Amino acid sequence: MADGGRMKAVEGNGDGEEKDEDAREELELALSLGRRGWHLPPPRQEPAPRSLNWTVAFSEWNPDAAGSSRAAERAPVGQPIPSLGFGDRLGCVILDGAHAGGSAEAGWEDGDEEDEDRDLQNKRLRVRGFDEGSPQHSGVNDTSFSSESPFLPISDEHVHFNLSRCPEHELEFGLSLFPNDGSGESPRDAPNERVDDIEKSGGRNSEDVGIRMDLSDDLLHLIFSFLGQKDLCRAGVSCKQWRSASMHEDFWKCLKFENTRISLQNFVDICHRYQNVTDLNLYGVINAEALVMEAIMCLRHMKSLTMGKGQLGEAFFHALAECPLLTTLTVTDASLGSGIQEVTVNHDGLRELQILKCRALRISVRCSQLQILSLRRTGMAHVSLSCPQLRELDFQSCHKLSDTAVRQASTACPLLAKLDMSSCSCVTDETLRDIAGSCPNLSVLDASNCPNISFESVRLPMLIDLSLLSCEGITSASMAAIAYSRLLEVLHLDNCSLLTSVSLDLPHLRNISLVHLRKFADLNLRSPVLSFIKVSRCSALHRVNITSSVLQKLVLQKQESLSSLTLQCQNLIDVDLSDCESLTNAICEVFSDGGGCPMLRSLILDNCESLSIVELNSSSLASLSLAGCRSMTFLKLSCPNLQNVNLDGCDHLERASFCPVGLESLNLGICPKLSVLQIEAPNMFILELKGCGVLSQASINCPCLTSLDASFCRQLVDDSLSCMAETCPLMEHLILSSCLSIGIDGLSSLHCLHKLTLLDLSYTFLINLKPVFDSCPQLKVLKLSACKYLSDSSLDALYRDGALPMLVELDLSYASIGQTSIEDLLACCTNLVNVNLNGCTNLQELVCGSDDCSSVDMAVDFCPPDSAPVKSEEVSGRSGRLLEVLNCTGCPNIKKVVIPSMANYLHLSKINLNLSSNLKEVDLMCSNLYILNLSNCSSLEVLKLDCPRLTNLQLLACTMLQEEELESAISLCSALEILNVHSCPKINASDFGRLHRVCPSLKRIQSSLIA
């Protein structure tokens, strides 16, 4: 004790900044110890906000006394963490203002116990407005702190509002902690007078003045029960009520000083203050043995003690007898005894003893009530046990223990039920047999990493859990001894390199693990409750026979030699046999109805390269994966509930039948050898057959099918298409791209498809499109890309007879139609929205004339089929063309594009003339054009634009375009934002200024001349 009986605090390492660092790193201890205060070094003064200054009135106290919290870990780096603690006369947080002055301090210091009791009952929180004229808000005077001063300024981190982080509208209220009982005995009651006056005057709503919150002692007790020791210390400096609540002994029954520096005197005082402590943790504490000797004298109710990292002599173990209620002792990473004598632990009430990673010569444990003993990783040569009630014993990694020592210690515990001797390399079968005879109740045994164990002739009838990992002596002959344990539930045999087969019939076996068994070839398991099997990296395994009533998932991945599988699993749901390269076709019988897996839902046979014929008939199967089965040539699935199938990489499949299946979509991927296909799927919506190049016979019965992609099915004939059209009446999208064998008969059969809106006939040899016009009047999208045999007359019906009145998208890319037909299409088919003319070699000029279709004699009274006559009002309402997108990319012979305003393209928003190398002149007057792409038009010389809404102009590699021409063109493009003149040699960086002046809206010029 120093300076008037003051108690020492937690030891520090230095002064100034070093102390601040220690305060952040060390555990703060701030327990209230009776009426004795603690010393506190002067803290660094922090500037307070102008609005409020908060001080705490209390006796001198120690900043480092007890507790731990995560708050210190979250504290910002560079800010000192305030040290908090309790004193016997610790007061409430008050305001030190110009009007309160010394009278407030004196009144607080002279308060009596009655005031304190009244405060505890009436304390509540009040939220006051900043605009209220309280004397505490009128001014701020900092009280300097010294060893004699009873006041300590609290740092901004804990009590000041951070006004800089709050919006102005949230700065209306400030926090005040005052009693609301209306009494005037304490100076803290003064601020309430103005609030009461305002409430009585009616000039302001009382709800706007203050928000009251009552915190009863019971509520505080509940809240504080969730706090750690350090948080309790911080909460206790707020007021008397919180101090009293935080000091309740319920919160201090467990003292955790792990890795904390604490002085002996401070620790003694803490033990005297809280004598009902039940748990004490001194792990990593310097001079812990001296501290615990003092604790044993004071803490008579201690039940749990944790020690570690240091030297514990014989005096410590002898003193344990002075704690009659001690039930749990944990010693970790410590040196026991003097190193030359036996360490004796003798305690009649101890129930659990853990000596972990310790160093001792000999250990003797004599505890009549001990039930759990762990000596894991403790370096000792001998151990002596006299524990008649011991039930759990752990010798894991006790490498220095001999076989005899383990045997003597284990057999001395007749009630032993759990034994862990893993990594005790000296243990032999003789020891196991003696243990089996002396410990009839042994139910859990871990003998992993014991190379001298073969487990032969070992009889453990009560065994439930057995681990024999990495036991080189375990062979197939050991299974007879294991089978004797009829109650066995868990079995681990990983890394038993000499094990060749496992055959077990155990009624209670639930879990078995067989990993990395190099010679393991045969597995035969029979257990009605088997629920988990782990078999991995058993390269020689070729036969598996499993019988179980509860097994739901079976994973046998990468068993390269597995060729035979027999299952009788009534509840099996998921099976994964990926990369089992030796599986034969007989595996299909196992997973079909009657094969032993009636509840199977998911089957994965990926990369089973020996499968050639797969026939599955399962009423429960919902998901099937055959990805990478490259040898499969025939597939037949009769699975009415099948919803997902994966056939990626089955490139040798020749015949496939899905009758019936519950599939909603099917993608056969690339099956270049598939020639015969049969599908019966009442729920299928999408079917993709692209890549089935030799498919000639296709019987598809899918009444709900809406989309069929048969791209590149070059041998698909008219009969198959006619059959599909009859059985799939709801089809909307039909893609027959590169179906070279489809003729007039097949196209004529499309009249059954009344909902067909998209037809793709690209890359076909069609000459006559009349069957399409007659059979599909409701088409909206027609793709005829690269149909090189189409002539001008093939499209006459579109612009002469008004065929396909609902057509909005037409693709004639790389077609051989002439200039006149293209102009007539654009002039007369006013309903078109998207037109693709990419690569049309016969297109030389694109000059759009007036709104009249002068070159075409169309019947005036023509009406689209199956529709009412068009009224004159509707005709006048849609006189403008609906074209929005025009693509003419790569037209090598086009030289001129002219679209005047009289052409009435009111909706045209995008024109793409990219890669038209001979294009010389472009003259556009389009009021709604947004994007114009003229990139790589190397011959472009004339550019005239009157497009007020154009925002993006691409002129990449327009090598002949002059700057004057460009300046004139963009002068009427008032909305232009992006201009790309990259690789335009005749447009220099010095011209960009004029371009900006001509077009002020221009935001970005893309050019190789700009760094």
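K.L.:
Give me the lowdown on the overall build of the protein, citing residues and values where you can.
P.N.:
When its secondary structure is counted, the protein shows 25 helices and 54 strands. For the protein, the accessible surface area stands at approximately 44000 Å², while carbon and sulfur atoms represent 49% of it.

K.L.:
Tell me what's going on with the sheet that holds strand E34 (residues 655-661), and back it up with residues and numbers.
P.N.:
One key point about sheets: their strands pair by backbone hydrogen bonds, in either a parallel or an antiparallel sense. As summarised here, the arrangement of the five strands in space is E30-E32-E34-E36-E38, forming an open sheet in which the pairing is parallel. Looking at strand neighbours, the two that pair on one side only are strand E30 (613-617) and strand E38 (697-701), the edges of this open sheet. Within the sheet, the average angular offset between the axes of one strand and its neighbour, ignoring direction, is 5 degrees.

K.L.:
Please give an account of helix H22 (residues 819-828) that cites residues and values.
P.N.:
Of all the ten residues making up H22, eight are buried; the element is thus mostly covered by neighbouring parts of the structure. Residues of H22 that are buried sit in contact with helix H21 (796-799), strand E43 (809-811), strand E44 (834-836) and strand E45 (845-847).

K.L.:
Break down unusual backbone geometry for me, with residues and values.
P.N.:
That bond from Cys659 to Pro660 is cis: its omega, -15 degrees, falls within 30 degrees of zero. Residue position: Pro660 is located in strand E34. With a phi close to 60 degrees, Ser397 is a non-glycine residue in the positive phi region. Residue Ser397 is classed as buried on the basis of its relative accessible area of 17%. Non-glycine residue Ser470 carries a positive phi angle of around 55 degrees. Examined against the element boundaries, Ser470 turns out to sit in the loop between strand E19 (465-467) and helix H16 (478-483). On the basis of relative accessible area, Ser470 is assigned to the partly exposed category, the value being 25%.

K.L.:
If you had to explain the pattern of salt bridges to someone new, which residues and values would you point to?
P.N.:
In the structure shown here, the tally under the stated rule is 18 salt bridges. Residues Glu322 and Arg300 are paired through a salt bridge, measuring 3.9 Å at the closest nitrogen-oxygen approach. Taken together, the residues span a long stretch of sequence, with Glu322 in the loop between helix H13 (314-319) and strand E10 (328-336) and Arg300 in the loop between helix H12 (288-298) and strand E9 (304-312) at a distance of 22 residues. Residue classification places Arg300 among the partly exposed positions, given a relative accessible area of 36%. The residue Lys770 makes a salt bridge to Asp774 at a minimum N-O spacing of 2.6 Å. With Lys770 and Asp774 both in helix H20 (residues 770-775), this residue pair falls four residues apart, about one helical turn. If you follow the salt bridges from partner to partner, you end up with Asp403, Arg407, Glu430 and Asp434 in one network.

K.L.:
Provide a residue-level description of the confidence of the model for the protein, including the pertinent values.
P.N.:
The share of residues in the protein with pLDDT of 70 or more is 75%, and the mean pLDDT across the chain is 79. Contacts for the low-pLDDT stretch residues 1-19, under 50 throughout, to residues beyond four places or in other chains number 45 contacts.

K.L.:
Would you mind going over the packing of helix H14 (residues 403-411) against helix H15 (residues 429-438) in detail, with residue names and values included?
P.N.:
A packed helix pair is summarised by two numbers, namely the angle formed by the two axes and the spacing between the axes. Running from N to C, H14 and H15 cross one another at 5 degrees; their axes reach a closest spacing of 9 Å. It follows from the interaxial angle that H14 and H15 lie roughly parallel. Two secondary-structure elements touch here, H14 through Asp403, Val406, Arg407, Ser410 and Thr411 and H15 through Glu430, Thr431, Asp434, Ile435 and Ser438. Considered class by class, the residues forming the contact of H14 with H15 number two nonpolar, four polar and four charged.

K.L.:
So what's going on with the sheet that holds strand E27 (residues 564-569)? Residues and values would help.
P.N.:
Ordered by their spatial adjacency, four strands build an open sheet running E21-E23-E25-E27, and the pairing between neighbours is parallel. Strands at the two margins of the open sheet, each flanked by one partner only, are strand E21 (501-505) and E27. Across the sheet, the axes of successive neighbouring strands diverge by a mean angle of 5 degrees, strand direction being ignored. Two elements, strand E23 (residues 522-526) and strand E25 (residues 543-548), share five bridges in a ladder whose sense is parallel. Looking across to E25, one finds that Asp522 is bridged to Arg543.

K.L.:
Just give me the short version of the packing of aromatic side chains, but keep the residues and values in it.
P.N.:
Tallied over the full model, the rule gives five aromatic pairs. Between Phe316 and Phe317 the ring centres are 5.0 Å apart and the planes differ by 70 degrees, which places this aromatic pair in the edge-to-face class. Residues Phe316 and Phe317 agree in their burial class; the two are buried. When the ring centre of Tyr274 is taken as origin, the NZ or CZ atom of Arg273, which lies over that ring, is 4.8 Å away. Over the face of the ring belonging to Tyr484 we find Arg459, whose NZ or CZ atom lies 5.1 Å from the ring centre.

K.L.:
Could you give an account of the nonpolar core, naming the residues involved and the relevant values?
P.N.:
Ranked by internal contacts, the top residues of the largest apolar core, which has 268 residues, are Phe455, Phe591 and Phe658. Looking at this core, the element that brings in the most residues is H12, giving six residues. Residues in contact with Phe591, not counting those within four places in the same chain, are Leu565, Leu567, Val575, Leu577, Cys597, Leu600, Leu603, Leu616 and Ser618.

K.L.:
Tell me what's going on with a nonpolar patch on the surface, and back it up with residues and numbers.
P.N.:
On the surface, a cluster of nonpolar side chains totalling about 410 Å² of accessible area is made up of Leu219, Leu222, Ile223 and Phe226. Note on placement: Leu219 falls in helix H8 (residues 217-224). When its relative accessible area of 34% is taken as the criterion, Leu219 is described as partly exposed.

K.L.:
Tell me what's going on with the pairing of strand E12 (residues 352-356), and back it up with residues and numbers.
P.N.:
Pairing analysis gives five bridges linking E10 to E12, with the strands arranged parallel. By the bridge assignment, Leu329 is partnered in E12 with Leu353.

K.L.:
Can you break down the environment of Leu504 residue by residue, with the values?
P.N.:
By secondary structure assignment, the location of Leu504 is in strand E21. Overall, the relative accessible area of 3% leaves Leu504 in the buried class. Along the sequence, Leu504 and Leu525 sit 21 residues apart, while their C-alpha atoms lie 5.2 Å from each other. Setting aside chain neighbours within four positions, we find Leu504 in contact with Met479, Ile482, Ala483, Leu491, Asn524, Leu525 and Arg526.

K.L.:
Report on the packing of helix H11 (residues 264-273) against H12, specifying residues and quantitative values.
P.N.:
Between H11 and H12, the least distance of the axes is 10 Å, while the angle of their chain directions is 20 degrees. The angle between H11 and H12 falls in the class roughly parallel. Judged by the twist between their axes, the crossing of H11 over H12 is right-handed. In this structure, H11 contributes Leu264, Phe267, Val268, Cys271 and His272 to the contact, and H12 contributes Ala290, Leu291, Glu294, Ala295 and Cys298. Residue composition of the contact of H11 with H12, by class: eight nonpolar, one polar and one charged.

K.L.:
Outline the side chain of Ser935, listing residues and values.
P.N.:
Mapping Ser935 onto the fold places it in the loop between strand E50 (931-933) and strand E51 (942-945). Not counting residues up to four positions away in its chain, the partners in contact with Ser935 are Leu913, Asn914, Leu915, Gln954, Leu955 and Leu956.

K.L.:
Please provide a residue-by-residue account of the side chain of Asp760, values included.
P.N.:
Secondary-structure assignment places Asp760 in strand E41 (residues 758-760). Although Asp760 lies buried, it forms no salt bridge, and the closest oppositely charged side chain, Lys783, sits 4.9 Å away as judged by the N-O distance.

K.L.:
Describe the pairing of E38, naming the residues involved and giving the relevant values.
P.N.:
Burial along E38 is one-sided: Ala698 and Ile700 are buried, and none of Gln697, Ser699 and Asn701, which face the opposite way, are. In this sheet, E38 lies alongside strand E36 (residues 676-680) in parallel orientation, the contact comprising five bridges. In the sheet register, Gln678 faces E38, and the bridge partner there is Ser699.

Conventions used here
- Residues numbered from 1 in each chain as written.
- Predicted model: local features only at pLDDT ≥ 70, side-chain atom pairs only at ≥ 80, totals over all residues.
- Heavy atoms only, no water.
- Helix = DSSP H or I, 4+ residues; strand = E, 2+ residues; numbered from the N terminus.
- Areas by Shrake-Rupley, 256 points an atom, 1.4 Å probe, with all protein chains shown as cover.
- Pairing = 2+ DSSP bridges.
- Axes fitted to C-alpha atoms, helices over the stretch in contact; angles between N-to-C directions.
- Buried < 20%, exposed > 50% of the residue type's maximum accessible area, 1.4 Å probe, protein only.
- Contact = heavy atoms within 4.5 Å.
- Salt bridge = Lys/Arg side-chain N within 4 Å of Asp/Glu carboxyl O.
- pLDDT = per-residue confidence, 0-100.
- Parallel < 35°, antiparallel > 145°, perpendicular 65-115°, else oblique.
- Nonpolar A, V, L, I, M, F, W, Y, C, P; charged D, E, K, R; others polar.
- Phe/Tyr/Trp six-rings, centres within 6.5 Å; stacked < 30°, edge-to-face > 60°.
- Lys NZ or Arg CZ within 6 Å of the ring centre and 35° of its normal.
- Core = buried A, V, L, I, M, F, W, Y, C linked by side-chain atoms within 4.5 Å.
- Patch = residues over 30% accessible without salt bridge, like charges linked within 9 Å, V, L, I, M, F, W, Y side chains within 5 Å.
- Left-handed = near helix turned anticlockwise from the far one by under 90°.
- Lys, Arg positive; Asp, Glu negative; His and termini not counted.

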